[in-house]
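Chain residues, written in single-letter form:
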Amino acid sequence: MTGHDRGNGSPTVLVIPQWQGSAARHPRRLAEGAHRLSALLPAAARTVVDVDPSPGQDHDGVRYLDALSRSLEATRTALRRTGDDETLLAVGGDCGIELAPVARAVARHGDSLAVVWFDAHADLNTPDTSPSGGFHGMVLRTLLGQGPSPLVPEPGERLSARQIVLAGVRALDPAERDFIDSEGIGALSVRALREPDPLLAAVAATGATHLYIHVDLDVLDPAHFTGLSCPEPGGLHPDQLRTALHALTRRFHIAGMGITEHAPAADADDSDRVLSRILDGIGFRTSNASGPS
């Protein structure tokens, strides 16, 4: 899908109410957030993945690893039933829900794919370097083939470092910073995202023709959006994210998109209005776009 044909139909929405990858204080809010976000979106088809809500057991330095493995298999099963020509919008849940959708995009597009990772965190830890054991901080590293073995994609479904553009990352663990430097992973600060041109140039520099967009909502500044499980100050204004997404979808073929880590708070209606405005900006007509927030 490109920006020029977005109006021809709605995306296929895959709702993945997984919370077990989160190390946040109230992780179960992420399951509620997945359903609430999904309700804002029109869809050509909508599938809710049957995620076991129980926590599971810790293994090999990863919290609830067995539950995450079951969730991954359920998501893969749901994706196998999705048409090859349909544009996928994956809705979480914690960032771990991106494993199967991104792997699917890599398998289809190979080296012609880039991934823009809008997130306050790089998600590049391993079980050995993670301070919390929460898998949502290991997702991108696992997509590179370095993570807990039950969750690592097959070789033909793995990203390479050159395919990644980090956007809005501002809370890095030391091991993540070292890995970014050693692998030469592209990263744009919040300041660099004030205008979309540097982001477009960074994606173009990968040589990609197709793009998967990951949005962890904690890329937003908590002063402007409160429904976050892991807020970090100094983030994007919602209008900046909207503009960036709009520019990307106009420029590149979209292989898929994921939106994660929505943790509804007491002012959930206000958060819905912010989300609606962001999504309307990329051509997803929503049911709650009235009024500024």
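Residues numbered from 1 in each chain as written. Predicted model: local features only at pLDDT ≥ 70, side-chain atom pairs only at ≥ 80, totals over all residues. Heavy atoms only, no water.

### What to know about the nonpolar core
Counting residues in each nonpolar core, the largest one holds 43 residues, and the members touching the most others are F118, L199 and L248. Considering every element that reaches this core, the biggest residue donor is helix α7 (residues 238–251), with 5 residues. Setting aside anything within four residues of it in sequence, one finds L248 in contact with V116, F118, L199, L200, V203, L211, I213 and I254. One finds A122, L140, L159 and A255 within the second-largest nonpolar core, a separate group that totals 41 residues. (Core = buried A, V, L, I, M, F, W, Y, C linked by side-chain atoms within 4.5 Å. Buried < 20%, exposed > 50% of the residue type's maximum accessible area, 1.4 Å probe, protein only. Helix = DSSP H or I, 4+ residues; strand = E, 2+ residues; numbered from the N terminus. Contact = heavy atoms within 4.5 Å.)

### A short note on the side chain of E176
Locating E176 in the fold gives a position in helix α5 (residues 174–183). A polar contact is formed between the side chain of E176 and the backbone nitrogen of D123, at a distance of 3.2 Å. Apart from the residues lying within four places of it in its own chain, the contact partners of E176 are A122, D123, L124, N125, G137 and A171. (Polar contact = N/O pair within 3.5 Å; in protein donor to acceptor, adjacent residues only side chain to side chain.)

### A short note on the packing of aromatic side chains
Inspection of every chain in the model, using the stated rule, returns 1 aromatic pair. Over the ring of F179 we find R141, and its NZ or CZ is 3.7 Å from the ring centre. (Phe/Tyr/Trp six-rings, centres within 6.5 Å; stacked < 30°, edge-to-face > 60°. Lys NZ or Arg CZ within 6 Å of the ring centre and 35° of its normal.)

### Quick word on helix α8 (residues 268–280)
Working note: α-helix, 3.6 residues per turn, so residues spaced by three or four point in the same direction. The end-to-end C-alpha distance of α8 is 18 Å, a good match for the 18 Å that 13 residues give at a rise of 1.5 Å each. Along α8, the residues that are buried comprise A268, S271, D272, V274, L275, S276, I278 and L279. Structurally, α8 contributes buried residues whose contacts are with α1 (29–39), α7 and β8 (253–260). (Expected span 1.5 Å × (residues − 1).)

### A word on the confidence of the model for the protein chain
The share of residues in the protein chain with pLDDT of 70 or more is 92%, and the mean pLDDT across the chain is 91. Per-residue pLDDT stays below 50 along residues 1–8; that stretch engages in 16 contacts with residues further than four places along the chain or on separate chains. Contacts of residues 287–293 to residues separated by more than four positions or lying in other chains number 16 contacts, the stretch itself having pLDDT below 50. (pLDDT = per-residue confidence, 0-100.)

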